[in-house]
Amino acid sequence: MMRILLFLATNVAVLVMASIVMAVLTALGVIPENMPYASLLVWCALFGFGGSFISLALSKWIAKRSTRARVIEKPANEIEQWLLSAVERQAEKAGIGMPEVAIFNSPDPNAFATGMFRNNALVAVSTGLLQLMGRSEVEAVLGHEVSHVANGDMVTLTLIQGVLNTFVIFVARIIASQFDRGRFLIYIALQMVFGVLASVVVAWFSRRREYRADAGGAQIESPAAMASALNRLRTVQDARSQLPDGLAAFGIRGGGMMKLLSTHPPLEQRIARLEGR
């Protein structure tokens, strides 16, 4: 979940900044106030995809700093050597370049993978995950994350987010142009509303790809190890998240409308799919 939340948070920030820049350029006359819809769509795509790809390009840097992850360059102990060896073996099996491997200090059992390129990614695990799980389970989690990289999930997410950003900016601009007063504030407010709706689509896609990554982790290691790791996570799924303050608001749990914004399917459903139920 962490890698998606990092990406979405960065994307929202970049998108808001792009909207401000677009409004300033309009005020200066660089972008015509009333341009043909086709031309407006091109401008919106430029800012929409630009914001999305900037988010992707910054994802590793932001992930390292927001979690204070320490990249293992020279293993300091046997555990770090084991982590490097496990990821190296899995990366070779998945047909990708060796990712950076990092550990971040958090009691919250978690792991993430991110990066712009399949052959230059980052895979990180929390100290809480290492304490909670046995080695075969940790390796299954690592396989899950390596599968995300091998599947090109971050790039696919970026393209989907770029399309959604484009239409969020475009539709918000069209509606806001119908008002005589407070146009800019209306424009920003509409972007926020439409942005939430777009996040529902992104979350739906994220839930679908989690099943694929589970299957990938099961293939790289074993279905039993992957299912065991997910079962282990069930023992702490109701615990308070230890995500950084800037991400805590995005750690959505529960039912109702919040379920639509969940980036992961329920653990019970993921386990059932792995076990063929």
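Since the model is a prediction, treat every value here as computed from it, not as a measurement.

Student: What should I look at first to understand the packing of aromatic side chains in this one?
Tutor: Centre distance and the angle of the planes are the two values used to describe a pair of aromatic rings. Applying the stated rule across the entire model yields three aromatic pairs. With centroids separated by 6.3 Å and ring planes inclined at 20 degrees, the aromatic side chains of W43 and F47 adopt a geometry described as stacked. Taken as a pair, W43 and F47 lie in helix α2 (residues 37–67) at a separation of four residues, close to a single helical turn. When its relative accessible area of 26% is taken as the criterion, W43 is described as partly exposed. On the basis of relative accessibility, which here comes to 13%, the residue F47 falls in the buried class. Residue placement shows R135 over the ring face of W82; its charged tip is 4.4 Å from the ring centre. R273 extends its terminal NZ or CZ atom over the ring of Y211, reaching a point 3.7 Å from the ring centre.

Student: Would you take a moment to explain the packing of helix α5 (residues 135–150) against helix α7 (residues 183–220) for this structure?
Tutor: Geometrically, a packed helix pair is captured by the angle between its two axes and the distance between the axes. Between α5 and α7, whose axes approach to 7 Å, the crossing angle comes to 125 degrees. The orientation of α5 relative to α7 falls into the category oblique. Remark: the crossing between α5 and α7 carries right-handed chirality. Mapping the contact onto sequence places A140, G143, H144, V146, S147 and H148 in α5 and R209, E210, A213, D214, G216, G217 and I220 in α7. Considered class by class, the residues forming the contact of α5 with α7 number four nonpolar, six polar and three charged.

Student: Help me understand the sheet that holds strand β2 (residues 100–104) in this model?
Tutor: Strand pairing in a sheet takes place through backbone hydrogen bonds and is either antiparallel or parallel in direction. Here we have four strands laid out as an open sheet, ordered β1-β2-β4-β3, and mixed in their pairing. Two strands bound the open sheet, and with one partner strand each, they are β1 (70–71) and β3 (111–114). Pairing of β3 with strand β4 (residues 122–126) involves four bridges; the strand directions are antiparallel. Its bridge partner being in β4, A113 is matched across the sheet by V123.

Student: How do you make sense of the environment of R183 when you look at a structure like this?
Tutor: By the element assignment, R183 lies in helix α7. Taking the C-alpha atoms as reference points, R183 and R173, separated by ten residues in sequence, lie 9.1 Å from one another. Excluding anything up to four places from it in sequence, R183 contacts E33, A176 and S177.

Student: What should I look at first to understand α5 in this one?
Tutor: Working note: α-helix, 3.6 residues per turn, so residues spaced by three or four point in the same direction. For α5, with 16 residues, the first-to-last C-alpha span of 22 Å sits near the 22 Å given by 1.5 Å per residue. Here α5 lies mainly inside the structure; 14 of its 16 residues are buried.

Rules behind the numbers
Residues numbered from 1 in each chain as written. Predicted model: local features only at pLDDT ≥ 70, side-chain atom pairs only at ≥ 80, totals over all residues. Heavy atoms only, no water. Phe/Tyr/Trp six-rings, centres within 6.5 Å; stacked < 30°, edge-to-face > 60°. Helix = DSSP H or I, 4+ residues; strand = E, 2+ residues; numbered from the N terminus. Buried < 20%, exposed > 50% of the residue type's maximum accessible area, 1.4 Å probe, protein only. Lys NZ or Arg CZ within 6 Å of the ring centre and 35° of its normal. Axes fitted to C-alpha atoms, helices over the stretch in contact; angles between N-to-C directions. Parallel < 35°, antiparallel > 145°, perpendicular 65-115°, else oblique. Left-handed = near helix turned anticlockwise from the far one by under 90°. Contact = heavy atoms within 4.5 Å. Nonpolar A, V, L, I, M, F, W, Y, C, P; charged D, E, K, R; others polar. Pairing = 2+ DSSP bridges. Expected span 1.5 Å × (residues − 1).

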